[in-house]
Amino acid sequence: MADESDDGSGPVIVTEDEQGRRSLRFGDGGARQSVVWPGEPLRLELPYTRMSMVALAFVPRPENILAIGLGGGSIPMFLRAVLPDTQIDVVEVDAAVVDAAKEYCGFQEDALLRAHVGDGRAFIEADGPPYDLIFLDAYGADQIPGHLATREFLGAVRSRLTRGGAVASNVWESAANPHYDAMVRTYQVSFHGLSVFEVPTTTNRVLVGLEGPLRLTREALVERARRVERERKLPFRLSTLVEQRYRPLTRRLGRGRVLTDAGLGPGGLIPEE
């Protein structure tokens, strides 16, 4: 099965394995952008999607959420299932991805869950309400678009957070992403506090940036996660993820340079001071 268009990332292709899991990719042989179990939104297949939910320990009762990047829709559909009264906006640059998510991956809009086709940065920088949580998970065929990784963009993200809000971002720490250290440093200068959650057995790292100061001990954050998993009936131990993987960055990273709009080149990101 496939829904094909080409916005520069390659055709959108959805495949199904013998167990019923469906994977969305850009182009033949491309990396999996999303994996879903249609009709089972609580089954987060990719480990980084489960780790991304540590954001709920920082903001346990979000009234509205923004997600940049749809893929197959696993994150917004999970959030819809466990937060049925929360307003959720999703921004996806490629209309074909939205169509494929709806037709093949079980993604459904409703009165509180809306998909917007457009550039995530333009949506963030436009006039609109602040959000309690923002999830950044926008990838092209092989990297985060450069204009979604700069200090200017992240400053706009912080300005769209409510007081006490948080952003959770999925990035790679691997040879495929030579800008990882620069990304971490850019997040550090853009948010009041930053934590890194390493996703076991993968190169994914979930960065959680805070709009303002949040003085919580590890134990208090774990207890928050425990309450969330109990009240929302999560199908995995969020508290264990927080307890084992929470790493607050209390000192400025000495490696990497701050990424700026001025450092965007035709081939992508160029680190600059």
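Our subject in this report is the structure included herewith. Note that this is a predicted model, so its numbers are computed, not measured. All chains use their own residue numbering, which begins from 1 and follows the written sequence. At least 70 in pLDDT is required for a residue's local features to be given in this predicted model, at least 80 for side-chain atom pairs to be given and counted, and no such filter applies to totals for whole chains, interfaces and linings, which use all residues. Values shown for side chains rest on all heavy atoms present in the structure; no hydrogens or waters enter the calculation.

With that out of the way, let us pick up the sheet that holds strand E8 (residues 161-172). As a general point, the strands of a sheet are linked pairwise by backbone hydrogen bonds and lie either parallel or antiparallel. The sheet built from 8 strands is open, its strands ordered E6-E5-E4-E7-E8-E10-E9-E11 with mixed pairing. If you trace the sheet from one side to the other, it starts and ends with strand E6 (113-117) and strand E11 (246-248), each paired once. Direction aside, the axes of adjacent strands within the sheet are offset by 20 degrees on average. The pairing criterion for strands is at least two bridges between them, as found by DSSP. Numbered from the N terminus, helices here are DSSP runs of H or I no shorter than four residues, and strands are runs of E no shorter than two. The pairing of strand E9 (residues 193-198) with E11 spans 3 bridges and is classified as antiparallel. Bridge pairing in E11 links Val196 to Arg247. Every axis in this analysis is a line fitted to C-alpha atoms, fitted for helices over the stretch in contact. Angles between the N-to-C directions lie between 0 and 180 degrees.

Before going further, it helps to examine the packing of helix H8 (residues 218-231) against helix H9 (residues 238-245). Close contact between H8 and H9 brings their axes to 7 Å; oriented N to C, the two are set at 160 degrees. Between H8 and H9, the angle falls in the class roughly antiparallel. When you trace H8 past H9, the crossing you get is right-handed. The residues of H9 that touch H8, namely those facing Arg218, Leu221, Val222, Ala225, Arg226, Val228 and Glu229, are Leu238, Ser239, Val242 and Glu243. Residue polarity follows a fixed list, in which Ala, Val, Leu, Ile, Met, Phe, Trp, Tyr, Cys and Pro are nonpolar, Asp, Glu, Lys and Arg are charged, and the others, Gly among them, are polar. A breakdown of the residues in the contact of H8 with H9 according to their chemical character gives 6 nonpolar, 1 polar and 4 charged. What sets the label is the angle itself: under 35 degrees gives roughly parallel, over 145 gives roughly antiparallel, 65 to 115 gives roughly perpendicular, and the rest give oblique. Crossings are classed by handedness, with left-handed meaning an anticlockwise turn of the near helix from the far one by less than a right angle and right-handed meaning a clockwise turn. Throughout, a contact is declared for two residues whenever any of their heavy atoms are within 4.5 Å.

Another aspect to go through is empty space enclosed by the protein. The rule is simple: put a 1 Å grid over the protein atoms alone, call a set of points where a 1.4 Å probe fits but cannot get out a cavity, call an open set with protein on both sides within 12 Å along at least five of seven lines a pocket, and count a residue as lining if it has an atom within 4 Å of a point. Grid points are joined across faces, edges and corners, and a volume is the space filled by probe spheres set on the points. For the structure on display, the rule yields 2 cavities of 30 Å³ or more. Its boundaries defined by the atoms lining it, the largest cavity holds a volume of some 100 Å³. As for the largest cavity, its lining consists of 13 residues, and the residues nearest its centre are Leu136, Ile144, Leu148, Ser169 and Tyr187. Contributing elements (two or more residues each) for the lining of the largest cavity: E8 and helix H7 (180-190). Take the lining of the largest cavity: its biggest share by element is 3 residues, from E8. A breakdown of the residues in the lining of the largest cavity according to their chemical character gives 10 nonpolar, 2 polar and 1 charged. Put simply, the second largest cavity is a space of about 60 Å³.

With that settled, the discussion passes to the layout of surface pockets. Counted as a void, the second largest pocket has a volume near 250 Å³. Residue lining of the second largest pocket: 16 residues in total, with Gly193, Leu194, Leu210, Leu214 and Pro248 positioned closest to the centre. Of all the secondary structure elements, the ones that give two or more residues to the lining of the second largest pocket are E9 and E11. At 3 residues, E9 tops the list of elements feeding residues into the lining of the second largest pocket.

Another aspect to go through is the pairing of E8. Counted residue by residue, E8 has 10 buried out of 12 residues, so it is predominantly covered. When strand E7 (residues 131-136) meets E8, the two strands line up parallel, connected through 5 bridges. Note that in E8 the partner of Leu136 across the bridge is Ser169. By the bridge criterion, 7 bridges tie E8 to strand E10 (residues 204-210) in an arrangement that is antiparallel. Bridging from a neighbouring strand, Trp172 pairs with Asn204 of E10. The buried label goes to any residue with under 20% of its type's maximum accessible area, the exposed label to any with over 50%, and the partly exposed label to all in between, with areas taken from a 1.4 Å probe on protein chains only.

With respect to the helices and strands, the residue Ser34 is situated in strand E3 (residues 32-36). Beyond its immediate chain neighbours, meaning those up to four positions away, Ser34 contacts Arg22, Ser23, Leu24, Leu46, Gly71, Gly72, Gly73 and Ser74.

Among the 5 residues of E3, 4 are classified as buried, and the element is accordingly described as predominantly covered. Alignment of strand E2 (residues 22-26) against E3, held across 4 bridges, turns out to be antiparallel. Considered in E3, the bridge of Arg25 is made with Arg32.

Direction vectors running N to C along helix H6 (residues 151-159) and H7 enclose 45 degrees, while the axes themselves pass 9 Å from each other. Judged by the inter-axis angle, H6 sits oblique to H7. H6 and H7 meet at a crossing whose hand is right-handed. Note on element contacts: H7 touches H6 through Thr186, Tyr187, Val189 and Ser190, opposite Arg151, Leu154 and Arg158. Here the contact of H6 with H7 is composed, by residue class, of 3 nonpolar, 2 polar and 2 charged.

With respect to the helices and strands, the residue Arg215 is situated in the loop between E10 and H8. Along the primary structure Arg215 and Gly193 are separated by 22 residues, whereas in three dimensions their C-alpha atoms are 9.8 Å apart.

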